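Here is what each chain is made of, one letter per residue.
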Amino acid sequence: MKRVGMDVCRQGEGARIQIMKMEAYETEVEELLGQLTLEEKIGMIHGAGLFRTEAVERLSIPPLFMSDGPMGVRAEFADNEWRNTGTTDDFVSYLPCNSAVASTWNRELAGKEGEVLGEEARGRGKDVILAPGINIKRSPYCGRNFEYMSEDPYLISELVVPMVEGIQKSDVAACVKHFAANSQETERLWVDTIVSERALQEIYFPGFKAAVEKGGTYSLMGAYNLLNGEHCCTSRKLLNKVLREAWGFDGMIVSDWGGVHDTVLAAESALDIEMDTTYDFDKHHMADALLEKVRAGEIAESLVDEKVRNILRMMFRLKMIGGKKNERKSGTYNSRENQDAVLKIARESMILLKNENGVLPLDAKKTKKIAVIGQNAASIHSNGGGSAEIKALYEITPLMGIKKMLGGNVKVCYAPGYDIPGKKETGDVNWQADSTTKNWDEAPEDTEVKGAPTENAVKYRAEAVALAKECDTVIYVGGLTHDFDSEGYDRTELTLPYGQDALIEELLAVNSNTIVVIYAGSPVAMPWKERAKAILFSYYAGMEGGTAIAETLFGKVNPSGKLAETFIADGGQCPAHTIGTFAEKERVEYREGVMVGYRHYDTVNENVAFCFGHGLSYSRFEYKYMSVTPARAQTAHGESDGVSSGGQRDVETDGVQTALELPLYEVAVTVKNTGDRAGKEVVQVYVAPKTSAQGRPCHELRAFEKVEIEPGCEKTVKFVLCGRAFSYYDEGQHEFVIEKGAYDIEIGSSSRDIRLRQGVTVFA
Ligand code: BGC
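Numbers given for residues are sequential positions, taken from 1 along each chain in its written order. Two thresholds apply to this predicted model, a pLDDT of at least 70 for residue-level local features and 80 or more for giving and counting side-chain atom pairs, whereas whole-chain, interface and lining totals are computed over all residues. Water and hydrogen atoms were dropped before computing side-chain values, which therefore reflect all heavy atoms in the structure.

Participant: Got a minute to help me understand the overall build of the chain in this structure?
Facilitator: Scanning the chain from terminus to terminus reveals 20 helices and 27 strands. Based on C-alpha atoms, the radius of gyration is set beside the globule rule, defined as 2.2 Å times the residue count to the power 0.38. Relative to its length of 764 residues, the chain is compact, with a C-alpha radius of gyration of 26 Å against a globular reference of 27 Å. In terms of overall dimensions, the chain has C-alpha extents of about 80 × 65 × 50 Å along its principal axes. For each residue, the accessible area found with a 1.4 Å probe, counting protein chains only, is set against the maximum for its type, and the residue is called buried under 20%, exposed over 50%, and partly exposed in between. Residues classed as buried in the chain amount to 66% of the 764 residues present. Only the protein chains shown count as covering a residue, and every accessible area follows the Shrake-Rupley method with a 1.4 Å probe. About 26500 Å² of surface is accessible on the chain, with carbon and sulfur atoms providing 48% of the total. In the chain, which carries 87 positive and 114 negative side-chain charges, the distance between the mean positions of the two groups comes to 6 Å. Segments assigned H or I by DSSP are reported as helices when at least four residues long, segments assigned E as strands when at least two residues long, and all are numbered from the N terminus. His is not counted, nor are the chain ends; Lys and Arg add positive charge and Asp and Glu add negative charge. Lys charges are placed at NZ, Arg charges at CZ, Asp charges at CG and Glu charges at CD.

Participant: Looking at this structure, how should I read the sheet that holds strand 5 (residues 192-194)?
Facilitator: The strands that make up a sheet pair up through hydrogen bonds in the backbone, lying either parallel or antiparallel. At least two DSSP bridges between two strands are required for those strands to pair. Read from one edge of the open sheet, four strands run 8-7-5-17, paired in mixed fashion. The open sheet has two free edges, formed respectively by strand 8 (230-231) and strand 17 (587-589), since each of these has just one partner strand. With two bridges joining them, strand 5 and strand 7 (residues 226-227) adopt parallel strand pairing. Looking at strand 7, one finds that Asp-192 is bridged to Leu-226.

Participant: Any chance you could explain the site of the ligand here in plain terms?
Facilitator: Definition of nearness: a residue and a molecule or strand are near each other if at least one heavy atom of the residue lies within 4 Å of the molecule or strand. Around the ligand, a shell composed of 15 residues is seen, among which Asp-68, Arg-144, Asp-256, Gln-432 and Glu-487 lie nearest. Counted as a polar contact is a pair of N or O atoms within 3.5 Å, where, for protein atoms, one must be capable of donating a hydrogen and the other of accepting one, and residues adjacent in sequence contribute only when both atoms are in side chains. Take Asp-68: an N or O atom from its side chain is 2.4 Å from an oxygen atom of the ligand. Contact between the ligand and Tyr-224: an oxygen atom at 3.2 Å from a side-chain N or O atom of the residue. Coverage of the ligand by the protein chains reaches 100% of its 310 Å² of free accessible surface. When residues are sorted by character, Ala, Val, Leu, Ile, Met, Phe, Trp, Tyr, Cys and Pro go into the nonpolar class, Asp, Glu, Lys and Arg into the charged class, and all the rest, Gly among them, into the polar class. Of the residues in the shell around the ligand, the class split is five nonpolar, three polar and seven charged.

Participant: Help me understand the domain arrangement of the chain, please; the structure alone is not making it clear to me.
Facilitator: Much of the literature gives interface size as the accessible area that the parts lose upon coming together. If you check the domain split of the chain, you get domain 1 (336-421 + 434-562) and domain 2 (619-762). Whether two residues are in contact is decided by their heavy atoms: any pair within 4.5 Å suffices. Contacts between the two partners involve six residues from domain 1 and, on the opposite side, 10 residues from domain 2. Joining two parts hides part of their accessible area as seen by a 1.4 Å probe, and the buried area is that hidden amount summed over both. Between domain 1 and domain 2, the buried area comes to about 640 Å², and carbon and sulfur atoms account for 33% of it. Interface area lost by domain 1 to domain 2 is led by Glu-348, Asn-558 and Lys-562, which between them contribute 70%. Salt bridge, as used here, is a side-chain nitrogen of Lys or Arg placed within 4 Å of a carboxyl oxygen of Asp or Glu. For the interface between domain 1 and domain 2, the tally reads three salt bridges. With a closest N to O distance of 2.7 Å, Lys-706 and Glu-348 form a salt bridge. On the surface where domain 1 and domain 2 come into contact, there are eight residue pairs in polar contact (both at pLDDT 80 or more). When the residues that make up the side of domain 1 that touches domain 2 are grouped by side-chain class, the tally is one nonpolar, three polar and two charged. Domain limits in this description derive from either an automatic procedure or a database domain assignment.

Participant: Hey, could you run me through the pattern of salt bridges in this one?
Facilitator: Should the charged atoms of two oppositely charged side chains come close, the side chains can pair. Applying the stated rule across the entire model yields 57 salt bridges. The partner of Glu-115 in a salt bridge is Lys-112, and the shortest N-O contact between them spans 3.0 Å. A residue pair is termed a helical-turn pair when its members lie 3 or 4 positions apart in one helix, as Glu-115 and Lys-112 do in helix 4 (residues 107-123) at three residues. Classification of Glu-115 as partly exposed rests on a relative accessible area of 26%. One salt bridge in this structure joins Glu-565 and Lys-137, with 2.9 Å as the shortest N-O distance. Taken together, the residues span a long stretch of sequence, with Glu-565 in the loop between helix 18 (545-553) and strand 16 (567-568) and Lys-137 in the loop between strand 3 (128-129) and helix 5 (153-168) at a distance of 428 residues.

Participant: Just to check I follow, could you spell out the side chain of Glu-592 for this structure?
Facilitator: Structurally, Glu-592 can be placed in the loop between strand 17 and helix 20 (598-603). You can call Glu-592 buried: its relative accessible area is 5%. There is a polar contact of 2.5 Å between the side chain of Glu-592 and the side chain of Arg-138. Residues within four places of Glu-592 in sequence aside, it is in contact with Arg-138, Tyr-204, Pro-575, Ala-576, Ile-579 and Gly-580.

Participant: Looking at this model, I keep getting lost on the nonpolar core. Mind explaining?
Facilitator: Considering soluble globular proteins, one finds that nonpolar side chains tend to be buried as a cluster. Residues grouped as a nonpolar core are buried Ala, Val, Leu, Ile, Met, Phe, Trp, Tyr and Cys residues, joined through side-chain atoms within 4.5 Å. By size, the foremost hydrophobic cluster in this structure holds 195 residues, and its most contacted members are Phe-179, Leu-312, Ile-373 and Phe-726. Here the element with the most residues in this core is helix 5; it accounts for nine residues. Setting aside anything within four residues of it in sequence, one finds Ile-373 in contact with Ala-415, Gly-417, Ala-464, Leu-467, Ala-468, Val-474, Ile-475, Tyr-476, Val-477, Leu-503 and Leu-507. Counting 28 residues, the second largest nonpolar core, distinct from the first, contains Ala-346, Leu-360, Ala-377 and Val-410.

Participant: Would you mind showing me how to read the packing of aromatic side chains here?
Facilitator: Any two aromatic rings considered together are summarised by their centre-to-centre distance and by the angle between their planes. Ring pairs shown here join Phe, Tyr and Trp side chains whose ring centres sit within 6.5 Å, with only the six-membered ring taken for Trp; geometry is labelled stacked below 30 degrees between planes, edge-to-face above 60, and tilted in between. Per the stated rule, a full pass over the model turns up 24 aromatic pairs. Members of the aromatic cluster, joined through ring pairs, are Trp-105, Tyr-154, Tyr-598, Phe-612, Tyr-686 and Phe-704. Criterion for a charge above a ring: Lys NZ or Arg CZ within 6 Å of the ring centre, and within 35 degrees of the ring normal. Over the ring of Phe-704 we find Arg-107, and its NZ or CZ is 4.0 Å from the ring centre. Between Arg-724 and the ring centre of Phe-736, over which it is positioned, the NZ or CZ distance is 5.2 Å.

Participant: What's the story with the packing of helix 13 (residues 398-406) against helix 18 in this structure? I'm lost.
Facilitator: Packed helix pairs are characterised by how far apart their axes lie and by the angle those axes make with each other. Two elements in contact, helix 13 and helix 18, have axes separated by 7 Å at closest approach and are oriented at 55°. The orientation of helix 13 with respect to helix 18, classified from their angle, is oblique. Judged by the sense of rotation from one axis to the other, the crossing of helix 13 with helix 18 is right-handed. When helix 13 is examined against helix 18, the residues Pro-398, Gly-401, Ile-402, Lys-404 and Met-405 are found in contact with a partner set consisting of Gly-546, Thr-547, Ile-549, Ala-550, Glu-551 and Leu-553. Whenever a helix is involved, its axis is fitted only over the stretch in contact; in every case the axis is a line through C-alpha atoms, and angles between N-to-C directions fall within 0 to 180 degrees. Angle categories are assigned with fixed cut-offs, so that under 35 degrees is roughly parallel, over 145 is roughly antiparallel, 65 to 115 is roughly perpendicular, and the rest are oblique. By definition, turning the near helix anticlockwise from the far helix through less than a right angle yields a left-handed crossing, and turning it clockwise yields a right-handed one.

Participant: Help me out: how do you make sense of the side chain of Asp-305 in this one?
Facilitator: Along the polypeptide, Asp-305 turns up in helix 11 (residues 301-317). Relative accessible area serves as the criterion here: at 16%, Asp-305 is assigned to the buried category. Reaching out from Asp-305, the side chain makes a polar contact with the side chain of Lys-41 at a distance of 2.7 Å. With residues up to four places along the chain from it excluded, the contact list for Asp-305 reads Leu-33 and Lys-41.

Participant: How should I be thinking about the environment of Asn-607 in this particular structure?
Facilitator: Inspection of the secondary structure puts Asn-607 in the loop between helix 20 and strand 18 (608-610). Residue classification places Asn-607 among the exposed residues on the basis of a relative accessible area of 60%. Linking Asn-607 and Gly-385, residues 222 residues apart in sequence, is a C-alpha distance of 31 Å. The residues touching Asn-607, leaving out its near neighbours within four places in the chain, are Ala-569 and Arg-752.

Participant: Help me understand unusual backbone geometry, please; the structure alone is not making it clear to me.
Facilitator: As a rule of thumb, non-glycine residues mostly have phi less than zero, and peptide bonds are mostly trans rather than cis. Across the junction of Ala-131 and Pro-132, the peptide omega takes the value 0°, indicating a cis bond. Located in the positive-phi region is Asn-357, a residue other than glycine, with phi close to 55°. A positive phi angle is found at Asn-605, which is not glycine, with a value near 55°. The class for Asn-605 is exposed, based on a relative accessible area of 63%.

Participant: Looking at this model, I keep getting lost on the state of the cysteines. Mind explaining?
Facilitator: A covalent bond between the sulfur atoms of two cysteines is referred to as a disulfide. By definition, disulfides here are pairs of cysteine sulfur atoms that lie within 2.5 Å. All chains considered together, the criterion is met by zero disulfides. You can see Cys-698 has no disulfide; the closest cysteine sulfur is in Cys-611, sitting 12 Å from it. On the accessibility criterion, Cys-698 (27% relative accessible area) is partly exposed.

Participant: Can you walk me through helix 6 (residues 197-204) in this structure?
Facilitator: Side chains three or four residues apart in an α-helix point the same way, a direct result of the helix having 3.6 residues per turn. For helix 6, the buried fraction is high: seven of the eight residues fall into the buried class. What helix 6 keeps buried is the set Arg-198, Ala-199, Leu-200, Gln-201, Glu-202, Ile-203 and Tyr-204.

This is the structure we're talking about:
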């Protein structure tokens, strides 16, 4: 038996929390603070430009320059107008959206995404990059889901940490957003989000907590919405109690743009900087109004000091001020290395949903004439979506990717297939100026679905079908655009727009070799999925997305992406809508509690289209030799039988090691690649309570590892499961509690493809 490569050991959920030992700049901070006038301090705590604060030149304190966003560094804006400056020096690398990054299930690549983002932000002269967005995908209808990672808090926590670290390597602050429970766009500034303490602790907080405690993020952004009656950006419960007191966060908290509504609340909360979408900067709540209240003795100056302290501390960390100023790293943008990194991430984000009879990969040598059909084959997406829009240096479309892959030897014929009435050619930036005043509720109407097809639609469809009949292979590339995946509103249906379903059915009928590629930012209904032999799903995958799609279709890349969210069955409903409420204007109730995504579907055994963790490979993987052994305490440090710790970082604690962080079991499994090409598999570990008095999900992801295995070879993957993997949040005790009893430890290739399981009994 061939064994190549090192075995891997991964510490799963419950890896002891790193209590950040932040560098001590306190003396310097106090010295500077003591020299600042009240007016100067006020200038530092609110926007003095759309994306900057005021400098204090006399003390060499620069402005703080911030920029969106998660898919690259946004174009340059005029200081006091929602207008791109229109220069040619702000084109940047366009990165895969967070949903794509999460689909890689690859910590290293999440780190790479962060590195590119941080380096380019620094290269563009920014101090804070307003990313990553990590809100929970509570419903597939949320318009901003493409900016977020997953429905699973553990997966998010594992990916956000390297991403934040990657960004901050360049002396740029990550700004993890939007804290918290910002999982819908409808009435986003005013909707009151009602969430139980348990759901917050188990589902909505862990990603942010990991970013703070393990990732050491220098900053965080508050959410627009209210949470249990308080505006998140000025919530004492959320910012003071949770973030500062419970998690010990001493970095900078910025509001979402226009998320502050009251001067006193803002002053008394742990918010540090108020940003807004309006240009009258002195009218911000933490500007003149606050100055007057402090002067009148209505608000203590010490509250302002606390904010400035946090900002100065972050500036020291970023080497913007202080003795290390000359050591601040310089960045760059549009480097070849960054373009390569972006391609690497895109490749691993490709999710092969279906591949009957091994129709994929296609063999270029056996193909003479290919029809590429569908507007998404030829569309650019980088310039849309809201604040995540990017002025990309370039964007390879799937059509270009396919053509450059086939190198002129195969005839590639393109047909749009469907019509997009009133298709916008460029992003409209002015939406943001109105975004805090106007009602952004309604997603655009899909005229094709609602009414009669347009003249163009009829023509395009007929042309596409005729072409499909002539070609030996059809690659359909459809999906969504940022008219649907967008900030400001939620989707109203999962049906593909512009009559795509009917077109796909027709193509499948005339040419059974039709491969369907869906390029989108969120799940879509696939009523034709039984008839399509192969379905490839790609989230907006950045400037090299088209290259990665082509390479996957033609087998240069062996797909290894896995769904980080459930694709619900056609006509199916999600618990956010059926148990809780979603997209209401005044109040949404998260009554489904912790039963989000697969936690719900798998517990009630509901039919889904494609389950959480699903994604096929051109290789096959066999799982064998599962073993579970009680852990020895020393394995908490990630060393086990001389085996690599799989990148587990050294963990510092404040000396208090709770049972939650103590290793309980070592789990091992051997995975063999029985296919004929090298491939990557994501080995997933779920913990399933057999009986629970606590209304827990039937199983939860508690560890995973992505391993690359050569054909015919195998690897043993080891995991350490700590007490936390067996815990739930007890609202009576206000803490996580390990529940005694019988559990199954499940190992599988997706949440519904469990290959091996073993029972254990936990004595808490
Ligand atoms: C978005 C934030 C973004 C900010 C600045 C807001 O509309 O919600 O995510 O960072 O604008 O553009």
